[in-house]
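Listed below are the residues making up each chain.
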Amino acid sequence: MDNGKRIVLTGFMGVGKSTVARHLAGILHTQRIDLDSVIEAGEKQTIAEIIKTCGLLRFRQIETETLRKVLAENSARILALGGGAWTIAENRRLIKTQNCTSVWLESSFEHCWRNIKSSKRERPLAENKDQTRKLFDDRQNFYCLADWHFIVKPDLTSYEIAKKIAEEVFLIKFE
Ligand code: S3P
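What you see is a predicted model; the values in this text were computed from it and never measured.

Calculation rules
- Residues numbered from 1 in each chain as written.
- Predicted model: local features only at pLDDT ≥ 70, side-chain atom pairs only at ≥ 80, totals over all residues.
- Heavy atoms only, no water.
- Near = heavy atom within 4 Å.
- Polar contact = N/O pair within 3.5 Å; in protein donor to acceptor, adjacent residues only side chain to side chain.
- Areas by Shrake-Rupley, 256 points an atom, 1.4 Å probe, with all protein chains shown as cover.
- 1 Å grid on protein atoms, 1.4 Å probe; cavity = no way out; pocket = protein on both sides within 12 Å on 5 of 7 lines; lining within 4 Å.
- Sits in = over half its atoms within 2 Å of the grid points.
- Points joined across faces, edges and corners; volume = space filled by probe spheres on them.
- Nonpolar A, V, L, I, M, F, W, Y, C, P; charged D, E, K, R; others polar.
- Pairing = 2+ DSSP bridges.
- Helix = DSSP H or I, 4+ residues; strand = E, 2+ residues; numbered from the N terminus.
- Axes fitted to C-alpha atoms, helices over the stretch in contact; angles between N-to-C directions.
- Expected span 1.5 Å × (residues − 1).
- Buried < 20%, exposed > 50% of the residue type's maximum accessible area, 1.4 Å probe, protein only.
- Contact = heavy atoms within 4.5 Å.
- Parallel < 35°, antiparallel > 145°, perpendicular 65-115°, else oblique.
- Left-handed = near helix turned anticlockwise from the far one by under 90°.

Caption draft 1: Spotlight on the site of the ligand. Contacts to the ligand come from 14 residues, most closely from Lys17, Arg60, Gly83, Arg123 and Arg139. With respect to the ligand, the side chain of Lys17 contributes an N or O atom lying 2.7 Å from an oxygen atom. At a separation of 2.6 Å, an oxygen atom of the ligand approaches a polar side-chain atom of Arg60. Relative to its unbound accessible area of 380 Å², the ligand is 97% covered by the protein chains. Spatially, the ligand is embedded in the largest pocket.

Right, here's the structure in full:
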């Protein structure tokens, strides 16, 4: 049995939020949800298409509205956010008022960048290495506002990180 907490996973693009969320949901036998996937299903467009056709501001509005709806109507206890969602004050407020615990997955920029580059997903906010590094640096002040902080070292697998979160945040005991 775990302690019943509901969490959001935040952290920079490429840190592995969605994969850790999948493993964690498996360990806890609970539902997980990926905010970007919900947005894509609702808008019938990829995140990259939304940002390119409607602009970043509109994407952020859709993101906040989707987050509000998911937190209010969906009972999934593991929610993987897109990398920018936690940097918006209104989103952090919604997460807190819904009694969600926030968990920051932290890694080095180079680790995130390697994953961004090797992924097939198009990420319009990570097209140029120097600009992406600047975004990474600027966001650390927001990510550190999360309740929990786990460092994703390159030698740890996503499953091992999920296990650590299960042990420390959900108080699951492994033999
Ligand atoms: C974004 C991260 C993306 C996606 C969008 C914006 C960001 O999600 O939400 O492209 O601002 O960092 P991932 O963190 O899953 O790549």
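Anyway, onward from the coordinates.
Caption draft 2: View of empty space enclosed by the protein. Under the defined criterion, the tally for this structure stands at two cavities of 30 Å³ or more. Roughly 40 Å³ of volume is contained in the largest cavity. Surrounding the largest cavity, Arg6, Ile7, Ile33, Val70, Leu71, Asn74, Ala76, Arg77, Leu79 and Cys100 form its lining. Tallied by class, the residues present in the lining of the largest cavity amount to seven nonpolar, one polar and two charged.

Caption draft 3: Geometry of the sheet that holds strand 3 (residues 78-80). Sheet architecture is open: five strands sit in the order 2-3-1-4-5, paired in parallel fashion. Strand pairing shows two members of the sheet lacking a second neighbour, strand 2 (32-34) and strand 5 (148-151), which therefore form its edges. Direction aside, neighbouring strands of the sheet carry axes that sit 20° apart on average. Of the pairings in the sheet, the one linking strand 1 (residues 7-10) to strand 3 comprises three bridges and is parallel in character. The partner of Leu9 across the bridge, within strand 3, is Ala80.

Caption draft 4: Inspection of helix 7 (residues 129-143) at higher detail. With 15 residues, helix 7 ought to run about 21 Å at 1.5 Å a step, and its terminal C-alpha atoms sit 20 Å apart, in line with that. All buried positions along helix 7 are accounted for by Thr132, Phe136, Arg139, Gln140 and Tyr143. For helix 7, the elements touching its buried residues are strand 1, helix 4 (56-73), strand 4 (101-106) and helix 6 (109-118).

Caption draft 5: Quick look at the packing of helix 6 against helix 7. The N-to-C vectors of helix 6 and helix 7 enclose an angle of 130°; their axes lie 11 Å apart at closest approach. Relative to helix 7, the element helix 6 is oriented oblique. Remark: the crossing between helix 6 and helix 7 carries right-handed chirality. Counted together, Phe109, Glu110, Cys112, Trp113 and Ile116 of helix 6 and Lys129, Thr132, Arg133 and Phe136 of helix 7 form the full contact between these two elements. In terms of residue class, the contact of helix 6 with helix 7 is made up of five nonpolar, one polar and three charged.

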